[in-house]
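# Chain and residue survey
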Amino acid sequence: MKLFYSPGACSLAPHIILRETGMACTLVKVDLGQHKTQEGGNYYDLNPKGQVPLLALDDGTTVSEGPVIAQYIAERAGRQDLLPPVGSPARYQVLEWQNYITSELHKSFSPLFDPRFDAATKTLFVEQLGKKYKYIDSRLEGRAYLTGNTFTVADAYLFVVTGWAPNVGVDLSQLANVQAFLGRMAQRDSVKAAWAAEGLAKAA
């Protein structure tokens, strides 16, 4: 398999899940500004959406969208700790969080990276994110991870998008449970390995 990624982007989440499972996968870096792969290929030829991540399977088919890729990896690896089995209430708790992170957090961060949005608009998104993270902080009370004491695919996703906060003016420093979660995640071997492989400063 090949995982097409951009360092520190949302593709880091399925990358962490790959490290958790130990599944063999080749990383292919994508320049999202030029939409070129590290070999110089046109990334649009592989993914017409032009976004990362993209997982290319051994049979030539591809899977896009980070939460779906994470689900595929967990299921292929048979890791029911990362994503519980079909029909179990625990599975739908994880998927509920995946959907929340996608729709309420990930997409709320996007305008903060876009220079076309003015300061007033960005302030609105920062305020909205602050409210949403207060909710998450309350749900993390007494828990190591989002659904309890077991790490799941949703935790990797939350960790990655929350890591963008300091760069775009979203102050989460007063949210003790969120900060404890981030610190806990940063100590996972899978996170350290993914950081190192993507050449991120935190790997040091």
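As a reminder, the structure under discussion sits directly above these lines.
Below: a short report on this structure. (Residues numbered from 1 in each chain as written. Predicted model: local features only at pLDDT ≥ 70, side-chain atom pairs only at ≥ 80, totals over all residues. Heavy atoms only, no water.)

## Some details on the overall build of the chain
Helix and strand content of the chain: eight helices and five strands. Across the chain, helices and strands are ordered from the amino to the carboxyl terminus as β-α-β-β-α-β-β-α-α-α-α-α-α. Rg of the C-alpha trace for the chain: 17 Å, near the compact-globule value of 17 Å for 204 residues, within the 12% margin. Oriented by its inertia axes, the alpha-carbon framework of the chain measures out at about 45 × 45 × 35 Å. Residues counted as buried form 47% of the 204 residues belonging to the chain. Of the accessible surface of the chain, which amounts to about 10000 Å², a share of 51% is contributed by carbon and sulfur atoms. (Helix = DSSP H or I, 4+ residues; strand = E, 2+ residues; numbered from the N terminus. Rg over C-alpha atoms; globule rule 2.2 N^0.38 Å. Buried < 20%, exposed > 50% of the residue type's maximum accessible area, 1.4 Å probe, protein only. Areas by Shrake-Rupley, 256 points an atom, 1.4 Å probe, with all protein chains shown as cover.)

## Structural notes on the sheet that holds strand β5 (residues 62-64)
Paired through their backbone hydrogen bonds, the strands of a sheet run either parallel or antiparallel. In space, the five strands of this open sheet follow the order β3-β2-β1-β4-β5, with mixed pairing throughout. Unpaired on one side and paired on the other, β3 (36-37) and β5 mark the two borders of the sheet. Across three bridges, strand β1 (residues 2-5) lies against strand β4 (residues 54-56) in antiparallel orientation. By the bridge assignment, Phe4 is partnered in β4 with Leu54. (Pairing = 2+ DSSP bridges.)

## Things to note about the packing of aromatic side chains
Following the criterion strictly, the structure yields 11 aromatic pairs and no others. Over the ring of Phe151 we find Arg188; its NZ or CZ atom is 4.0 Å from the centre of that ring. (Phe/Tyr/Trp six-rings, centres within 6.5 Å; stacked < 30°, edge-to-face > 60°. Lys NZ or Arg CZ within 6 Å of the ring centre and 35° of its normal.)

## A short note on unusual backbone geometry
Backbone phi values are negative for most residues with the exception of glycine, while trans is the configuration of most peptide bonds. In this structure, Pro53 follows Val52 across a cis peptide bond, with omega equal to 0 degrees. With respect to the helices and strands, Pro53 occurs in the loop between α2 (43-46) and β4. Phi is positive for His35, close to 55 degrees, though the residue is something other than glycine. Structurally, His35 is set in the loop between β2 (26-31) and β3. Look at His35 and you get buried, because its relative accessible area is 16%. Of note, Glu65 is a non-glycine position whose phi angle comes to about 75 degrees, a positive value. Among the structural elements, Glu65 can be located in the loop between β5 and α3 (66-76). Classification of Glu65 by relative accessible area gives partly exposed; the value is 38%.

## Things to note about the nonpolar core
Membership of the largest hydrophobic core comes to 56 residues, with the highest contact counts inside it found for Ile16, Phe109, Tyr133 and Ile136. Every element with two or more residues in this core is listed here: α1 (12-21), α3, α4 (89-109), α5 (119-139), α6 (153-162), α7 (176-186) and α8 (189-198). Take this core: its biggest share by element is eight residues, from α6. Once residues lying within four places of it in the same chain are set aside, the contact partners of Tyr133 are Leu105, Phe109, Leu158, Val161, Thr162, Leu172, Leu175 and Val178. If you look at the next biggest cluster of nonpolar residues, it comprises eight residues, including Val28, Val30, Leu54 and Ala56. (Core = buried A, V, L, I, M, F, W, Y, C linked by side-chain atoms within 4.5 Å. Contact = heavy atoms within 4.5 Å.)

## Digging into the layout of surface pockets
In this model, the largest pocket occupies a volume close to 940 Å³. If you go around the largest pocket, you meet 38 residues; those closest to its centre are Gly8, Ala9, Cys10, His106 and Trp164. Elements with a contribution of two residues or more to the lining of the largest pocket: α1, α3, α4 and α6. Sort the elements by how many residues they give to the lining of the largest pocket and α6 lands first, with five residues. (1 Å grid on protein atoms, 1.4 Å probe; cavity = no way out; pocket = protein on both sides within 12 Å on 5 of 7 lines; lining within 4 Å. Points joined across faces, edges and corners; volume = space filled by probe spheres on them.)

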